[in-house]
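Results of the structural survey
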Amino acid sequence: MHFSDFKNILLKINDFNLPGNNSLLKLAPPSRVKQLRDGYKIINPKLAAVMLFFYPDKDKKTRMTLILRNKYNGVHSNQISFPGGKMEKSDIDLTNTAIRETVEELGIDESLINVIRPLSKVYIPPSNFNVQPFLAVYNCVPSFNPDSKEVSVILEPLLEDLLNMKHIQSLISIQNKDVFVPSYIIDGHVVWGATAMMLNEFITLIKDIVNS
């Protein structure tokens, strides 16, 4: 999709309600489906924000960024995710968190980021994070300078490929147990959990706008 066409779609985005739980449930791991339906009991969650970051490539086609996190001692080690992270005391709000973390992890120019709107929050029980995703665009071809301490690989899927993806079941290991989870496959990587849930809401929202 040409980047100008994508931006025209985004002009209508605030006229549409977020798909919310209906779309999140479709990509939720089995252990979280009942919790999403019944409502989480969230006690003193840590706050975080991530960014669904879209931009033009050199051919003016629309791309999005995902990152493969480096291995570390934590539950989200070596997983595909959106750029983002924990809210710091110095952050004014979660929008600021998403921008700061994205700039730090991707090494891009903060002044060129245009935040469009927030999407639905997703609570992640294993780490007790309540994560606010934001949709944003970057109005030129980015020159990435990723933080090597946090980012192993940057993925840059095309928007049309994202919109045409199918849900599949992937076998992964959770707490040393092999389980099947709903997922996407992007550039050979399994995308599951909160990242897949957020991505599915975005895809549903864009399709609602296009088909309206």
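The structure we're discussing is the one just above.
Residues numbered from 1 in each chain as written. Predicted model: local features only at pLDDT ≥ 70, side-chain atom pairs only at ≥ 80, totals over all residues. Heavy atoms only, no water.

Side note on the sheet that holds strand β12 (residues 189–191)
Defined as follows: Two strands form a pair only when DSSP identifies at least two bridges running between them. A run of H or I in DSSP becomes a helix once it reaches four residues, and a run of E becomes a strand once it reaches two; helices and strands are each numbered from the N terminus. Only the stretch in contact is used when fitting a helix axis, every axis being a line fitted to C-alpha atoms; angles between N-to-C directions are given from 0 to 180 degrees. The criterion used for residue contact is that any of the two residues' heavy atoms lie within 4.5 Å.
Sheet architecture is open: three strands sit in the order β10-β11-β12, paired in antiparallel fashion. The open sheet is flanked by β10 (168–174) and β12, the only strands paired with a single partner. The average angle at which neighbouring strand axes cross in this sheet is 65°, direction not considered. Bridging between strand β11 (residues 177–186) and β12 involves three bridges; their strand directions are antiparallel. Bridging from a neighbouring strand, isoleucine 186 pairs with histidine 189 of β12. Across the sheet, helix α6 (residues 193–210) is in contact with β11 and β12; its angle to β11 comes to roughly 35°.

Brief notes about the packing of helix α1 (residues 3–10) against α6
Applied cut-off: Each angle gets one of four labels, with under 35 degrees taken as roughly parallel, over 145 as roughly antiparallel, 65 to 115 as roughly perpendicular, and the rest as oblique. In this count, Pro and Cys sit with the nonpolar residues alongside Ala, Val, Leu, Ile, Met, Phe, Trp and Tyr, while Asp, Glu, Lys and Arg are called charged and the others, Gly among them, polar.
Look at α1 against α6: their axes get within 10 Å of each other, and the N-to-C directions meet at 85°. Between α1 and α6, the angle falls in the class roughly perpendicular. Contact residues: Phe6, Ile9 and Leu10 in α1; Phe202, Ile206, Ile209 and Val210 in α6. For the contact of α1 with α6, a count of residues per class yields seven nonpolar, no polar and no charged.

Things to note about α6
Defined as follows: The span one expects for a helix is its residue count, reduced by one, times 1.5 Å. Note on classification: 1.4 Å probe, protein chains only; a residue is buried when its accessible area is under 20% of the maximum for its type, exposed when over 50%, partly exposed between these limits.
With 18 residues, α6 extends 26 Å between its outermost C-alpha atoms, agreeing within 8% with the 26 Å of an ideal straight helix rising 1.5 Å per residue. Burial runs high along α6: 14 of the 18 residues are buried.

Regarding the pairing of strand β8 (residues 129–138)
Judged by how many residues are buried, β8 sits mostly within the fold: 10 of 10 residues are covered. What you see with β8 is no split at all: Phe129, Val131, Pro133, Leu135 and Val137 on one side and Asn130, Gln132, Phe134, Ala136 and Tyr138 on the other are buried throughout. In this structure, strand β6 (residues 113–118) lies alongside β8, joined through five bridges in antiparallel fashion. The residue bridging valine 115 from the neighbouring strand is alanine 136, located in β8. Pairing geometry for strand β7 (residues 122–124) and β8, over three bridges, is antiparallel. Of the residues in β8, the one forming a bridge with isoleucine 124 is phenylalanine 129. Counting the residues in the hairpin turn of β7 and β8 gives four residues, including asparagine 128, whose phi is positive at 60°.

A word on unusual backbone geometry
The backbone of lysine 60 sits at a positive phi, close to 70°, despite the residue not being glycine. Mapped onto the elements of the fold, lysine 60 is located in the loop between β1 (46–56) and β2 (62–64). We classify lysine 60 as partly exposed; its relative accessible area is 45%. In the Ramachandran plot, aspartate 187 falls in the positive-phi region, its phi being about 50° despite a non-glycine side chain.

Side note on the pairing of β11
Where β10 meets β11, seven bridges bridge the pair, whose relative direction is antiparallel. Paired with isoleucine 174 across the strands is lysine 177, a residue of β11. Taking the residues between adjacent antiparallel strands as the criterion, β10 and β11 are bridged by two residues, where glutamine 175 takes a positive phi near 50°. Hairpin geometry of β11 and β12 is characterised by an intervening segment of two residues between the two adjacent antiparallel strands and by a positive phi of about 50° at aspartate 187.

As for the packing of aromatic side chains
Here is the rule we go by: Aromatic contacts are taken between Phe, Tyr and Trp rings whose centres are within 6.5 Å, Trp giving its six-membered ring; a plane angle under 30 degrees counts as stacked, one over 60 as edge-to-face, and the others as tilted. Working rule: Lys NZ or Arg CZ, within 6 Å of ring centre, within 35 degrees of ring normal, means a charge sits over the ring.
Per the counting criterion, the structure on display carries seven aromatic pairs. Note on phenylalanine 53 and tyrosine 55: the rings are 5.4 Å apart at their centroids and 40° apart in plane angle, and the pair reads as tilted. With respect to class, phenylalanine 53 is no different from tyrosine 55; both count as buried. Linked through ring pairs, Phe3, Phe6, Phe54 and Phe202 together constitute an aromatic cluster. The ring of phenylalanine 129 carries lysine 46 above its face, with NZ or CZ at 4.5 Å from the centroid.

Focus on the pattern of salt bridges
Applied cut-off: The salt bridge criterion pairs a side-chain nitrogen of Lys or Arg with a carboxyl oxygen of Asp or Glu, the two atoms within 4 Å.
Scanning all chains against the criterion turns up seven salt bridges. Between aspartate 59 and lysine 58 there is a salt bridge, and its shortest N-O distance comes to 3.7 Å. For aspartate 59, a relative accessible area of 48% puts it in the partly exposed group. Note that arginine 100 and glutamate 104 form a salt bridge whose closest N and O atoms lie 3.4 Å from each other. In this pair, arginine 100 and glutamate 104 are both assigned in helix α4 (residues 94–106), four residues apart and thus about one turn of the helix distant. Salt bridges linked by common partners bring Asp91, Arg100, Glu101 and Glu104 together as one network.

Keep in mind these values describe shape, not function.
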